[in-house]
Amino acid sequence: MMLVEYQSQRVSLWYFRLALVLFILQVVMGLWLSINYAFTLPQDLVNVFPFSTARALHTNLLVAWMLLGFMGGTYYILPPECARDLFSEKLAYLQLALFVGAAVTAVVGFLFGWTQGKPLLEIPLPLDFVIVVAALIFIANVAMTIIKAEVRTALQWMLLGGVTFLALMYLFGMPFYQNLNTDYYYWWWVIHLWVEGAWEVVTASIVAYIIMRVTGVDRKVVEKWLYVETGLFLFTGIVGTGHHYYWIGAPDYWLWWGGIFSALEPLPIVLMVVDTWMHVRERKNPIVNPLTWYYIIGLAIYHLVGAGLWGFMHTLPPINYYTHGSQITVSHGHLAFFGAYALLNLTIFYFAMPRLKGINKYQDRLGKWGFWITTIGMFVLGLVFGIAGILQTYLERFLDIGYSTAHLTMMFWFRVAFGVGLVFLAGVIITVYHLFTIKPSSIPAPEPVVTPASNI
Ligand code: HEM
Ligand code: HEM
Ligand SMILES: [Fe+2]
């Protein structure tokens, strides 16, 4: 028995499952990176498996599992939003095969030094073309489903707009520019305009959908917030790209434009916290699965802390001058990626996977352990990177001490990071195990108190 309304929503299950497996591998690589920083490893080992290779695996696996989650999430949401099945299930599976094929080839390639060397986007050009084909199939499938639908909703177009923007930006990371400044200039069009632009639009749309479904709050109210947030994300995020142009040889005016606009970036994130809170308070349906709510609310708060607060802390030029490219950036990178996008993906998985298995109310004891261990674990990890970053900034940027000497004082903190990372990994394994083996709860689900809004 399935609780989903449309058969074709099932394609998303394989996207989710593969994403979860890659998530575990990503975290294992993170642990390995922390060992590299915490101890002096034998040179023979470093020669065969360098830090850069492990880092490329850690970050590319991250991007890969999150994109799988977004694509699966979109395929899950689209049929009920369009009141029809997906345009083509076959294309969805073909796209998945191409994407995963490229990812596996890339991983093997990295081990043999086949990389184009741009952080987070190390996948070499020939494989980029496979990714582009997969992305084109995805967008065509999404667009055709919407075009052929008889109902029209704002959410459909937001989602299509978000994923198209996401795919377009990828193109800017493909060419190699001889001048490294130019190369990095466009690299940020992918990295920044993804996480502070396109991915936020996709997130806002997916969260709007899930909140609407679980609370029964009126579609018009949810959509109103969605418009405002999306507008603000784009308004602040696009010009905010300038906060990466302070020191890479771009014109000086970016110090002002980048500083001011990026300082406004937390605004839409604050709005997301406010509207989530309001929708929860004004919900018309009872809470059936508390854990799904832990994730929705956890995502709103952690997004604000990791991206909004931690981002704001070092976004103004007078501060960034000292902290640029240090472990403070790493601290923010972890808290933001985890708080916004790991939690978003897990929210989707907890919303969709039980339904795909025909479960309305699920047993959540183990999953709650997973939630608390991962969220607290990552927060502590972020703090530990932050301490290493403060040390690094002080020693390297104030006292002018060389990188390797400064690193000796940071090694202790990377040993702590390894310990905390182990606990975090345990939390991730518990969560993944729970999602893979999710079972119906014997406690009956509460009946809706009020008839849900018709939402038409
Ligand atoms: C969910 C959203 C976000 C994610 C996932 C994210 C992630 C990241 C990552 C991974 C980096 C490091 C890139 C690198 O150099 O390799 C970075 C850099 C940076 N982020 Fe964010 N970020 C987000 C939102 C924000 C926001 C809202 C702000 C500002 C309010 C911000 C401010 C910065 C700044 C200033 C840097 C550059 C740090 C440096 O100079 O080294 N970020 N971000
Ligand atoms: C056991 C857990 C983890 C550990 C010990 C760990 C450790 C590390 C280390 C040591 C680096 C290299 C930093 C550098 O180049 O100086 C790194 C990079 C990175 N990791 Fe993790 N990681 C873990 C989990 C995660 C998770 C769950 C995420 C995202 C949800 C993540 C996202 C990133 C990102 C975005 C970077 C690049 C940061 C930058 O360029 O500033 N990591 N990680
Ligand atoms: Fe940025």
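Here the structure is shown first, and the text comes after it.
Residues numbered from 1 in each chain as written. Chains lettered and ligands numbered in written order. Predicted model: local features only at pLDDT ≥ 70, side-chain atom pairs only at ≥ 80, totals over all residues.

Novice: Describe the overall build of the protein chain, and please don't skip the residues or the numbers.
Specialist: A count of helices and strands for the protein chain gives 15 helices and 0 strands. Taking 2.2 N^0.38 as the reference for a compact globule, 456 residues should give roughly 23 Å; the C-alpha atoms of the protein chain span a radius of gyration of 22 Å, in line with that estimate. Taking the principal axes of the C-alpha coordinates as reference, the protein chain spans close to 65 × 45 × 40 Å. Expressed as a percentage of contacts within the protein chain between residues at least 6 apart in sequence, the contacts between residues at least 24 apart total 83%. (Helix = DSSP H or I, 4+ residues; strand = E, 2+ residues; numbered from the N terminus. Rg over C-alpha atoms; globule rule 2.2 N^0.38 Å. Contact = placed C-beta atoms within 7 Å.)

Novice: Provide a residue-level description of helix H10 (residues 266–281), including the pertinent values.
Specialist: Between its terminal C-alpha atoms H10 stretches 23 Å, which fits the 22 Å expected from 16 residues at 1.5 Å a residue. Within the span of H10, buried status applies to Pro268, Ile269, Met272, Asp275, Thr276 and His279. For H10, the buried positions fall inside an angular range of 120° around the axis, keeping them on one side. Of the exposed residues in H10, those oriented more than 90 degrees away from the buried face are Val274 and Arg281. In this fold, the buried residues of H10 make contact with helix H7 (180–215), helix H8 (219–240) and helix H11 (290–313). (Expected span 1.5 Å × (residues − 1). Buried ≥ 20, exposed ≤ 12 C-beta atoms within 10 Å, placed from the backbone. Arc of directions from axis to C-beta.)

Novice: Which residues make up the site of ligand 1, and what values do they have?
Specialist: In the vicinity of ligand 1, 23 residues are found, and the nearest of them are Ala307, Gly311, Gly333, Ala336 and Ala340. Mapped onto the shell around ligand 1, the elements with two or more residues apiece are H7, H11 and helix H13 (327–356). Broken down by element, the shell around ligand 1 gets its largest block of residues, 6 residues, from H13. Class assignment for the residues of the shell around ligand 1 results in 8 nonpolar, 13 polar and 2 charged. (Near = placed C-beta within 6 Å. Nonpolar A, V, L, I, M, F, W, Y, C, P; charged D, E, K, R; others polar.)

Novice: Provide a residue-level description of the site of ligand 2, including the pertinent values.
Specialist: Close to ligand 2 lie 21 residues, the nearest being Gly30, Leu33, Gly333, Phe337 and Gly421. Elements that contribute at least two residues to the shell around ligand 2 include exactly helix H1 (11–38), helix H3 (51–82), H13 and helix H15 (403–436). Sorting elements by how many residues they give to the shell around ligand 2 places H13 first, with 7 residues. Of the residues belonging to the shell around ligand 2, the class tally is 12 nonpolar, 8 polar and 1 charged.

Novice: Let's hear about the nonpolar core: which residues, and what values?
Specialist: Core analysis: the biggest nonpolar cluster contains 119 residues, and Trp65, Val202, Ala208, Ile211, Tyr295 and Leu343 have the highest contact counts within it. A total of 20 residues in this core trace back to one element, the largest contributor, which is H7. If sequence neighbours within four positions are ignored, Val202 has contacts with Phe70, Leu159, Gly162, Val163 and Leu166. (Core = buried A, V, L, I, M, F, W, Y, C linked by C-beta atoms within 7 Å.)

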